[in-house]
Amino acid sequence: MLVPVKWLKDYIDIDDDSRTIADKVTDTGSHVEAIQNMGEGISNIKVGQILNLRQHDTLNKLSIVDLDLGDSKVTLITGAKNMKVGDKVIAALLGAHLPGGMVIGEADFGGIKSPGMLCSYEELAIAENTIPKNSKDGIIILSDDAVVGEEGLSALGLNDEVIEFEITPNRPDCLSIIGMAREVAAAFDTKVQLPQDEILNEDGHISDLFKGLDVQTENSQRFLLRAIKDVKIKESPQYIKNYLIKAGMRPINNIVDLTNFIMLEYGQPLHAYDLDMIKGNAMIVRMAKEGEIVKTLDKSERKLLANDIVICDGNSEPIGLAGVMGGFDTEVTDNTKNILIEAATFTDENIRQTSKRLNLRSEASSRYEKGISVELPQVALQRFLHLVEKIGAGTVVEGIYDHGKKQSANREVKLRNSRSNMLLGLDLSVEQTQKYLESLDLEVTRDGDELTVNVPYFREDLTIEADLIEEVGRLYGFHNIKPQPLKGQLTEGLKSDKREFIDQLRLDIYALGFSEILTYSFISEKVYDKLNVEADNKLRDVIKIMNPLGEDFSVMRTTLIGNMLDVVRKNLNNKASDLRLSEVGNTFQKEDGKIVEHSLMTLGLVGDYDFYYLKDVVLKLFAKNKIENYRFVKNTNNSIYHNGRCGDIYVDDQLVGVMGEIHPLVMDNFDISKRVYICEINVDKIMKHVGANRYEKVSRYPMIERDIALVVDKDVESQAIIDVIVDNGGDNLKEVQLFDIYTGSQIEENKKSLAYKIGFQSDERTLKDQEVKDAFDAILDKLSDAFGVNLRG
């Protein structure tokens, strides 16, 4: 943001130089990028008026110019073609110094001496993109109000310095001269003097010139229209042109210049329409139609999307791109007689998206996309009409079209002075804190230690107590805060019980020969299609990322199986044939309207392994962590796993996981040709069942083992048989282990043979054969009753 110091001082009464101002506002948190002395290296230039203009006798491309310098007259030679008799120009006289070290001497042009030269803006080091149109291809042509004989630096406003500020995105109010004036006033403990805005005379009514306004979208938060008739399009007063040039904008004509002047002064973009060029004599504000075309001021035809906001004429034809750029067909020209002036606010998100997509970033869009209060358009529009009347650019017409909210929501923010002092390390009285806040034009009331701030429309960045504390800190000066030792109780950093358990679990898995993998928590929603997950399965109730890096990272995972299969495929493609992989990672699910994070352990096997190898790994992990009362129950309804080769894992009748062979269709979806066995267990659930490490005495007495082979129906689960054995084996039953499953020609069809090793042992004595036989017979009786088993010979 370029801030001419003289313009800044129009609103604050200070005599300090630019360096002092820059230092002060830097100390209060504003960042100064640079200070530019506009008139550096320039001297002895004056305002002159052309009295006579004639062509050189021998050098046809040159002109002889007679100038009135107020206290004298002079004749100069120039090659410029953009001047006429009566124009006021800038002359560099003998001995004048110009930027770049140029010194003006007398020159001879075909026998005619020229004791100086007429200056162009480029020769005075003015940026090309700010040069007025009438001076772009020649010498400087001043406005009619320029004073003949005036010192040139003063006439051009170059006896000034410009401070360039870096404005942070949360401070759109500082994208204006008055906004920066408030900052400077607070730093110097003074008050801002707002400019005059009264209108003395209004003639007619807007309804006599314009039928009306129809706002059809809520993305136009407030939209105001005023009319001006009998407009006289001409050059702006020189002081307005000077301010615009120093602030980095090109003067165009008096009406356009005033809209830019107000935008820079207040931070509110305005747009002027040639009222007589608006078809239907009415205006419509709506969302664009997909593929609609609008021709903007730069003569480009731009294709719109439904998310763009457009300004249309009474026939609903676009005449402007709201918040970004006006339309070509209603542009103010030299022939304009009546104008309609717009002041509005729009949804910042829409303006930002439109500006970015069209690569059309303007001074207006850069302000709209940061947010503008609905109260500012009225203030800026009133000031614009005052200036129109002041410079005689036209006659203000009474009446206004005003659609939308008139005021921002009343917002009060409370500040505890004790809290402020604690966070800043200060000892300010509540009166001192109140004074700092009031210096920012904030309305503050005090109740003991608590201050209540009524936030004004121009400071919408102040929303919470911390924002006010920051304001107090920067006005006091963060550099003035003395360093203090940290206060507080020191605590030892310890891992949580869950973290300790997971760390040990990883070590246990590693000890069983597994390699740990680490994958992203963000996955594609298409993974659930590849896993054959049903449409109504809870796994599909995913949490979507608002701003994903891409479709492959668009949702938070609810299972680790997809990640495991991706890693398996990559390793198989790299010729790895024996895989034992593990991951302990987080998943994210919706539960009772909240997002809940679960830790899962996933094991994957590829190679010379089977279901029972994977089950044995799970049993060893359970044994290591003293997890008891577990059961494995057949599951034929899990679409991820092979039907008949999948089991649910229960501990104390709570479902804690699932394991089995991956379904062939899922394997095809992941482009995997070898069998994959995967187990996924909820770490949070099994952690609740971890037993305490305790000493268990090893029995001195021998274990008596009996093998039993049972023929049962194929649909009888081994776990059900084990449950019967455990329930009826007596106190001396120590272990039950399935060691063989057989189906074949030696047994009946639809039958299978299950072989178990059953161990009996006492901690107090050697068991007698009869005791073991009685327990064994009791088991057989119950098995026969429950399943109709037959002993296999």
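Everything here concerns the structure above.
(A) Local environment of the overall build of the protein. For the protein, the count of helices and strands is 21 helices and 40 strands. Here the protein has a C-alpha radius of gyration of 42 Å; the compact-globule value for 793 residues is 28 Å, and the former is much larger. Across its three principal axes, the protein shows a C-alpha extent of roughly 140 × 60 × 60 Å. Taken across its 793 residues, the protein has 49% of its residues classed as buried. Contacts spanning at least 24 positions in sequence make up 70% of the contacts within the protein whose residues lie at least 6 apart. For the protein, the computed accessible surface area is about 39,200 Å², with 47% contributed by carbon and sulfur atoms. Within the protein, the 130 negative side-chain charges are centred at a point lying 3 Å from the centre of the 95 positive side-chain charges.

(B) Representation of the sheet that holds strand S28 (residues 522-523). Taken in spatial order, the 3 strands line up as S28-S30-S29 in an open sheet, and their pairing is antiparallel. Where the open sheet ends on each side, the last strands, each with one partner, are S28 and strand S29 (543-544).

(C) Representation of the nonpolar core in the model. Among the nonpolar cores identified, the biggest contains 94 residues, and Phe 210, Phe 223, Met 283, Ile 311, Leu 340, Phe 346 and Phe 384 are the most heavily contacted of them. For this core, the element with the highest residue contribution is helix H10 (residues 376-391), accounting for 8 residues. Filtering out sequence-adjacent residues up to four positions away, Phe 210 remains in contact with Leu 225, Leu 275, Ile 278, Asn 281, Ala 282, Met 283, Leu 340 and Tyr 401. Ranked by size, the runner-up nonpolar core spans 29 residues in total, among them Leu 565, Val 568, Met 667 and Phe 670.

(D) Structural view of empty space enclosed by the protein. Under the counting rule described, the total for this entry stands at 2 cavities of 30 Å³ or more. Roughly 50 Å³ of volume is contained in the largest cavity. When the residues that make up the lining of the largest cavity are grouped by side-chain class, the tally is 6 nonpolar, 1 polar and 1 charged. Considering only enclosed or pocket space, the second largest cavity measures out at about 40 Å³ in volume. Lining the second largest cavity are Phe 501, Leu 505, Met 601, Leu 621, Phe 622, Asn 625, Ile 627, Ile 681 and Ile 686.

(E) Structural view of the sheet that holds strand S24 (residues 412-416). Strand order in the open sheet formed by 3 strands is S24-S26-S25, and the pairing between neighbours is antiparallel. Looking at strand neighbours, the two that pair on one side only are S24 and strand S25 (443-447), the edges of this open sheet. Pairs of neighbouring strands in the sheet enclose a mean axial angle of 25°, with direction left out of account. As defined by bridge partners, S25 adjoins strand S26 (residues 450-454) across 5 bridges and the pair is classed as antiparallel. Looking at S26, one finds that Val 444 is bridged to Val 453. Packed on one face of the sheet, helix H12 (residues 430-438) meets S24, S25 and S26 and runs near 165° to S25. Its contacts with the sheet place helix H13 (residues 465-476) against S24 and S26, and it is angled at close to 60° to S24.

Calculation rules
- Residues numbered from 1 in each chain as written.
- Predicted model: local features only at pLDDT ≥ 70, side-chain atom pairs only at ≥ 80, totals over all residues.
- Heavy atoms only, no water.
- Helix = DSSP H or I, 4+ residues; strand = E, 2+ residues; numbered from the N terminus.
- Rg over C-alpha atoms; globule rule 2.2 N^0.38 Å.
- Buried < 20%, exposed > 50% of the residue type's maximum accessible area, 1.4 Å probe, protein only.
- Contact = heavy atoms within 4.5 Å.
- Areas by Shrake-Rupley, 256 points an atom, 1.4 Å probe, with all protein chains shown as cover.
- Lys, Arg positive; Asp, Glu negative; His and termini not counted.
- Charge placed at Lys NZ, Arg CZ, Asp CG, Glu CD.
- Pairing = 2+ DSSP bridges.
- Core = buried A, V, L, I, M, F, W, Y, C linked by side-chain atoms within 4.5 Å.
- 1 Å grid on protein atoms, 1.4 Å probe; cavity = no way out; pocket = protein on both sides within 12 Å on 5 of 7 lines; lining within 4 Å.
- Points joined across faces, edges and corners; volume = space filled by probe spheres on them.
- Nonpolar A, V, L, I, M, F, W, Y, C, P; charged D, E, K, R; others polar.
- Axes fitted to C-alpha atoms, helices over the stretch in contact; angles between N-to-C directions.

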